[in-house]
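# Topology and contacts: notes
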Amino acid sequence: MKRDGEEIQKGSISGVTLKRIMVFFKGHTKALVFSVLTVILAVVMNASLPLVFREMVDTAIPSKDLRFVLLFATFYLLLLVGLGAIQYFQQLLVGYMGIDIVNNIKRVIFKHVLTLSISFFDKQGTGRLISRIESDSQKLFMLFSSIGLSLLAGFLNIIIAVSIMLFTNVTLTLIVLSIAPVYLLGAYIVFSKMRPMFRKDRELYARIIGFLSEHIKAIPLLRNLNNLQWSINKFDKANQEKRWYEFKISMLEQSVWFVMMLCPQVVIFLILYNSVSWIKQDAITIGTVWMFIQYIHLAVQPLVMISEQIRELQRAFGAADKIFEILDTEPEVKEPLNPKTIGGFREKISFNNVCFHYDADKPVLKNVSFTIDKGSTVAIVGATGSGKTTIISLLTRFYDPVEGNITIDGVDLKYFKSDELRAMMSLVLQDIFLFPGDILDNLRVLRKDIPEEKVKEAARKMGIYNYLNTFPDGFNTVLSEDGGNLSFGERQLLSFSRALTFDPEILIMDEATSSIDPYTEAEIQRSMEKLLKGRTSIIIAHRLSTIEEADKIIVLDRGELVEQGSHDELLALKGLYANLYWTQTGIAK
């Protein structure tokens, strides 16, 4: 297993990889066994066709008995129809099985991704993750639907065809087998040389998906900056790199294919050339020669198919590598083995000599210690990059401290289950996310167990109930993706009301009112005075005028706690907070 963000070593196709892939067949044993049996039956019927044709040429036709000829022809036709029917139902079965398995893989990946720490998403682009969950999973469809059975059928066809040819004529069989080294060399090239190329091709694809995901969202900004051409040029560069790499892969593939497809024709020429004298000497029949030509196609076709399937197999294993990278990633924030029950928040939250960094050489928090009493309102201020948001991320256990600890009522957060801990809190973030859906479902985060009346009551307390009813369909008004049909201020109001819907013991606001106009902010402040009474709240804001009534203000500077106290106490200190306040308000010292 690897931790969030760590690189994983790339290996070759191995029994371990195959064994891990085979686990996904669990629950499909009956379908798999039935498919294997139909493959064996189809191979036997396919191998019988040249034998029947030989007898028709050597026995039925020379007899000049029309009924005898029709009997062989009818039997040959029935074999073809039966073979087609078996292959048809086989493809339906394995196709359904493949779809079901791939959908399950997507579910497993997505479920696992949801358990990973926030640090994982800090290092992974959205487009790259979409590529892993959707595109790479889909690459495994052929593996689970047909590749395995096609390889089995191919190997059985080769074994049966070569066995019958050896039993019939050893000399001609040796001529046929002379092309085997060429096919082995082709398989070696595909296995050893092309898998790393397919893996890189998947990386280039994921890079393009990531680019599109990021830049499509940034189109309004790019237009505003008149910088669309920069985005186009960057996309062209990534696209050209993938184009030329795919061309390189195609050139190698086609070169191998050319040699492999030429070899059977050379062998057929040698068989026909040598057979002329043998037919004159009655050492071999025309039907036997024709049977050999058919068996060459029967043996070579699987070889070509296997080579083609190996190519798809390489692509599938390259995709599997990427999938297992994610599945092997462990969350950095571990759940406790013997969790303690929270049982409510009774006294205080304590930060004790907390240190943290995202990069080892860039500390974000340095020995930060403070307490937050139950029912108090605490504000955290400081310049950009001082560590304000990081404190919130540590309190909600998106990350764990590098040194020191954080406790609730004297118990380290690491001993609580993350879901129980976060159930105590509601968080209003800088980046507001709204789901495609109606306002009601967004306010209760798609949780149908939360009554509609509770959602509306939270909106009333926030003072936005009447405002929401002015929308075309009130609370049932459908929002576009990420609330694109709302203003930023409206999205922030909804995010605020959403937090209150869950009636948290601890309310956390990260830059919650930084983008709301002064009138709306004043309305919120009046509502919050009632709502925050008796509720523990933590506020991070650049507008210091919004936190004057806070019980405690914590001032951070470059990751260090430099001041703490009430608004009046900090002004009296005439330190960093006072300078920030006087600068913002324009009030003389």
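Please refer to the structure higher up on the page.
Notes on the structure follow. Nothing here was measured: the structure is a model prediction, and the numbers come from that model. (Residues numbered from 1 in each chain as written. Predicted model: local features only at pLDDT ≥ 70, side-chain atom pairs only at ≥ 80, totals over all residues. Heavy atoms only, no water.)

## Describing the overall build of the protein
- Scanning the protein from N- to C-terminus turns up 20 helices and 14 strands.
- Per-residue burial for the protein yields a buried fraction of 46% across its 589 residues.
- Counting contacts in the protein only where the partners sit at least 6 residues apart, residues at least 24 apart contribute 77% of the total.
- A total of about 30900 Å² of accessible surface is found on the protein, and carbon and sulfur atoms cover 60% of it. (Helix = DSSP H or I, 4+ residues; strand = E, 2+ residues; numbered from the N terminus. Buried < 20%, exposed > 50% of the residue type's maximum accessible area, 1.4 Å probe, protein only. Contact = heavy atoms within 4.5 Å. Areas by Shrake-Rupley, 256 points an atom, 1.4 Å probe, with all protein chains shown as cover.)

## Let's talk about the sheet that holds strand β13 (residues 552–557)
- With respect to topology, six strands assemble into an open sheet ordered β8-β11-β12-β5-β13-β14, the strand pairing being mixed. Taken across any chain shown, the strands that pair with only one partner, and hence form the sheet edges, are β8 (425–428) and β14 (560–565). Strand-to-strand twist across the sheet, computed as the mean angle between neighbouring axes with direction ignored, equals 15°.
- The sheet contact formed by strand β11 (residues 506–510) and strand β12 (residues 536–540) spans five bridges and is parallel. Bridge pairing in β12 places Met509 opposite Ile539.
- Together, β5 (377–382), β8, β11, β12 and β13 form the strand contacts of helix α12 (residues 388–395), whose direction differs from that of β12 by roughly 145°.
- Taken strand by strand, helix α20 (residues 576–585) contacts β5, β13 and β14, and its axis lies near 95° from that of β13. (Pairing = 2+ DSSP bridges. Axes fitted to C-alpha atoms, helices over the stretch in contact; angles between N-to-C directions.)

## Remarks on the pattern of salt bridges
- Overall, the coordinates contain 12 salt bridges when judged by the stated rule.
- Here Lys106 and Glu134 are joined by a salt bridge, their closest N and O atoms 3.1 Å apart. Of this pair, Lys106 sits in helix α3 (residues 66–113) while Glu134 sits in helix α5 (residues 126–139), and the two are 28 residues apart along the sequence.
- The class for Lys106 is buried, based on a relative accessible area of 15%.
- If you follow the salt bridges from partner to partner, you end up with Glu453, Glu457 and Arg460 in one network. (Salt bridge = Lys/Arg side-chain N within 4 Å of Asp/Glu carboxyl O.)

## Observations regarding the packing of aromatic side chains
- Inspection of every chain in the model, using the stated rule, returns 13 aromatic pairs.
- Ring centres 5.2 Å apart and planes at 75° place the aromatic pair Tyr88 and Phe89 in the edge-to-face group.
- Taking the relative accessible area as the measure of exposure, Tyr88 reaches 49% and is therefore partly exposed.
- Overall, the relative accessible area of 53% leaves Phe89 in the exposed class.
- Between Trp244 and Phe247, the aromatic rings sit 5.8 Å apart at their centres with planes inclined by 90°, giving edge-to-face as the arrangement. Of this pair, Trp244 and Phe247 both sit in helix α10 (residues 228–280), three residues apart, roughly one helical turn.
- An aromatic cluster is built from Phe53, Tyr76 and Trp290, whose rings are joined through pairwise contacts. (Phe/Tyr/Trp six-rings, centres within 6.5 Å; stacked < 30°, edge-to-face > 60°.)

## Looking at the packing of α3 against α5
- At a minimum axis distance of 9 Å, the contact between α3 and α5 shows a crossing angle of 155°. Of the possible angle classes, the one that applies to α3 and α5 is roughly antiparallel. Considering how the two elements wind past one another, α3 and α5 form a crossing that is right-handed. Packed against α3, whose contacting residues are Val102, Ile105, Lys106, Ile109, Phe110 and Val113, the element α5 presents Arg132, Ile133, Glu134, Ser137 and Gln138 at the interface.
- The class makeup of the residues in the contact of α3 with α5 is six nonpolar, two polar and three charged. (Parallel < 35°, antiparallel > 145°, perpendicular 65-115°, else oblique. Left-handed = near helix turned anticlockwise from the far one by under 90°. Nonpolar A, V, L, I, M, F, W, Y, C, P; charged D, E, K, R; others polar.)

## Examining unusual backbone geometry
- For Asn367, which is not a glycine, the phi torsion comes out positive at approximately 50°.
- Structurally, the position occupied by Asn367 is in strand β4 (residues 362–373).
- Unlike most non-glycine residues, Lys574 shows phi in positive territory, near 55°.
- Looking at where Lys574 falls in the secondary structure, it is placed in the loop between α19 (567–573) and α20.

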